[in-house]
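Chain residues, written in single-letter form:
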Amino acid sequence: MERPTSPDDDPRNKGRTGSLGIADLSISEKSASLKSGANLSQTTDSPSKSLCSSSSTSTENINSQDVFMMKSSRDVPKTGTDPPLLHGEKIQETAKDVTYLCPYTGGTRGTLSVTNFKLYFRSVDRDLPLTLDVPLGVISRVEKVGGATSRGENSYGIVAVCRDMRNLRFAHKQENHSRRQLFEKLTQLAFPISNKMTLFAYDFTENYNDNGWKVFDSISEFRRQGVPNDSWRVSKINEKYEFCETYPSMVAVPTASTDEDLRQCANFRSRNRLPVLSWIHPESQATITRCSQPLVGVAGKRNKEDEKYVQMIMDANAQAHKLYIMDARPSLNAVANKAKGGGYESEDAYQNAEVVFLDIHNIHVMRESLRKLKDVCFPTIDDAHWLSNIEATHWLEHIKLVLAGALRVADKVESNKTSVLVHCSDGWDRTAQLSGLAMLMLDPFYRTIRGFEVLIEKEWLSFGHKFAQRVGHGEDKHSDADRSPIFLQFIDCVWQMTKQFPNAFEFNEHLLITILDHLYSCLFGTFLCNSEKERFHKEKLKDKTVSLWSFINSQLDEYTNPLYASHIHQHVLFPVASLRRIELWTGYYLRWNPRMRPQEPVHLRNKQLLALKQQLQKKIEDLQRQVELKTSKATRLGTARVASPINV
């Protein structure tokens, strides 16, 4: 098995300006996003933060721009305990004299409100009110605690189990009879799909100065990569989503292939997801293509058209006469899939192809691993057994395997100039992780804010990662076998890369946390549905909902990394995929624990650094202009002296 290339070992990085992969220089360890404030914060009458995040707010954890945006988009509360409302948001139920049982600061009495978008609690027994603001989409299940015969303080109430690594518990007084109505309304509004209602994203009508639905255009992205060219063409065979309903409408395929070749090949691939282009190297023309598993079955079927098509992908790269097929699964799982009609490519059938298994486990293993991680991180931390408890979850091991797999893909394309075909079983989970991370390593465009948005739109949304099934938007089936934190793992791997290369990414940790918060919030239409066909053809989300990118791109300063040095990092990144460098993302998994929060608001430090960077950049530009002016004057004077006659 190949040793992952590290930046320290890579000879191409020797002598470069800047130190690649030295995590010690990163300040992101100190960076908790401004959205990662405590779930309970002592605050003045600051607005709620649910527009920006699922976390609650305090004056010290929110900046003036967020305050302005939220004030402009909310109705003014009628009373001190009423929640501020977004456009389209309405209060549905209110319960007074409710106690929120915080695992860190104890119980506090206040008013609990439920709107068609969020759950909002505000204390009444403290001089500095304590607020809790949680989008209902974050809630995975709601349970009653205690019954009519329950005795003891705070033994009767409701628990909301959340998808963002926390649980919320509220105690009711039995004599108030407030629990039943609140529970019924909360279960109805938190799971609108199960109750034949619509998600709040369809009611949210905020206008932003940037249309996020225009961030990604497949044709423009193909052109940026230099496609079409002599070897690759853009096909409209799936324009109406009849060829493959989980693929984008436009796909890039080898120029040598005909539409009939595509049909024959698709018949031999699970869900008709034939190999298509994800990324092409601008110099070597080596490619990353993606697909689903071949339908080999127990009998070991072959398909000449599929073999011929894979050969076309290999031939499209004149630099190499070999193709690597990276199968994300453990080899045992790939063999077991033969019993279900699937399987993997035989090296005997696919000549000049080498099959490599990357040992990344399936969605069920990942779901169980995250459940164990939540038990370790929330509500309290066992300091004495912290490292062994984290190890027992295997979460960091899974992150390492995903990152190592993507590293192998990037290394084959960059170092060997060899094309790589990536797939798992159906090609929409582990495949998206591998292709997305490899492209992030290879192409500096995807390391900008807009480029990262394009990457998510391209490799995750357009290629049919089943966000609705994996997250369970608006559904009460919390134990559904289709739930899995696949996209969370991808974002975690991106964060690991930002730790190792703190100057190589234009975006900061705050952007990653904001994306994850709105993966669950159902405020924007970006992550709804399971495919491009459902999103745009069936549900017409571009017309009916707001894009998350509209919100993000209207306040780019909030998500900009002040340490970003684009002039240095226009090359390939090879992160170290080793447990000695992989860290637990405390800024996300432990953000609800006050002990794990930074002692100063990091967003303020980032703003100061951005302002300083702009000042220094302006000075550099002024000095460069002065040098150019002096150089041009000296050149003119020198030219004049040479041209003048010499008198002896």
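Residues numbered from 1 in each chain as written. Predicted model: local features only at pLDDT ≥ 70, side-chain atom pairs only at ≥ 80, totals over all residues. Heavy atoms only, no water.

A. The arrangement of the packing of helix α13 (residues 486-500) against helix α14 (residues 509-521) in detail. Following both chains from N to C, one finds α13 and α14 inclined at 175 degrees, their axes separated by 10 Å at the closest point. In this view, α13 runs roughly antiparallel relative to α14, as classed from their interaxial angle. Counting all contacts with α13, which are made through F487, L488, I491, V494 and W495, the residues of α14 involved are E509, L512, I515, L516 and L519. Here the residues of the contact of α13 with α14 are counted per class, giving nine nonpolar, no polar and one charged. (Axes fitted to C-alpha atoms, helices over the stretch in contact; angles between N-to-C directions. Helix = DSSP H or I, 4+ residues; strand = E, 2+ residues; numbered from the N terminus. Parallel < 35°, antiparallel > 145°, perpendicular 65-115°, else oblique. Contact = heavy atoms within 4.5 Å. Nonpolar A, V, L, I, M, F, W, Y, C, P; charged D, E, K, R; others polar.)

B. Highlighting the sheet that holds strand β16 (residues 353-357). Spatial strand order, β13-β14-β17-β15-β16: five strands in an open sheet with mixed pairing. Each edge of the open sheet carries a strand with a single partner, namely β13 (276-280) and β16. Pairs of neighbouring strands in the sheet enclose a mean axial angle of 25 degrees, with direction left out of account. For strand β15 (residues 323-327) and β16, the ladder comprises five bridges, and the chain directions are parallel. When the bridges of β16 are listed, I325 appears paired with V355. (Pairing = 2+ DSSP bridges.)

C. Summary view of unusual backbone geometry. Look at the link from V227 to P228: it is a cis peptide, with omega at 10 degrees. Tracing the sequence through the fold places P228 in the loop between α3 (218-224) and β11 (232-235). The residue after F378, namely P379, is reached through a cis peptide bond having omega 0 degrees. Considering the arrangement of structural elements, one finds P379 in the loop between α7 (363-377) and α8 (386-393). Non-glycine residue N352 carries a positive phi angle of around 65 degrees. Along the polypeptide, N352 turns up in the loop between α6 (331-336) and β16.

D. Representation of the environment of F191 within the structure. Within the secondary structure, F191 is located in the loop between α2 (179-190) and α3. Here the alpha-carbon distance between F191 and I139, two residues 52 residues apart in the chain, equals 8.6 Å. The residues contacting F191, other than those within four sequence positions of it, are I139, S140, R141, V142, G474, E475 and D476.

E. Broad picture of helix α10 (residues 430-442). Taking 1.5 Å per residue, 13 residues should reach 18 Å; α10 reaches 18 Å between its end C-alpha atoms and fits that length. Counting buried positions along α10 yields 13 of 13 residues, so the element is predominantly enclosed. (Expected span 1.5 Å × (residues − 1). Buried < 20%, exposed > 50% of the residue type's maximum accessible area, 1.4 Å probe, protein only.)

F. Structural detail: the packing of α7 against α8. Following both chains from N to C, one finds α7 and α8 inclined at 160 degrees, their axes separated by 8 Å at the closest point. Taken together, the axes of α7 and α8 lie roughly antiparallel to each other. Of the two possible hands of crossing, α7 and α8 adopt the one that is right-handed. Judged by residue contacts, S369, K372, L373, V376 and C377 of α7 engage W386, N389, I390, A392 and T393 from α8. For the contact of α7 with α8, the residue count by class is six nonpolar, three polar and one charged. (Left-handed = near helix turned anticlockwise from the far one by under 90°.)

G. Representation of the pattern of salt bridges within the structure. Here the structure, examined in full by the defined rule, presents 31 salt bridges. Among the salt bridges present, the one from D443 reaches R224, with a minimum N-O distance of 2.9 Å. In this pair, D443 is assigned in the loop between α10 and α11 (449-462) and R224 in helix α3, connecting sequence segments 219 residues apart. Take D443: its relative accessible area is 9%, and that puts it in the buried class. With a closest N to O distance of 3.3 Å, R233 and D259 form a salt bridge. Of this pair, R233 sits in strand β11 while D259 sits in helix α4 (residues 259-266), placing them 26 residues apart in sequence. (Salt bridge = Lys/Arg side-chain N within 4 Å of Asp/Glu carboxyl O.)

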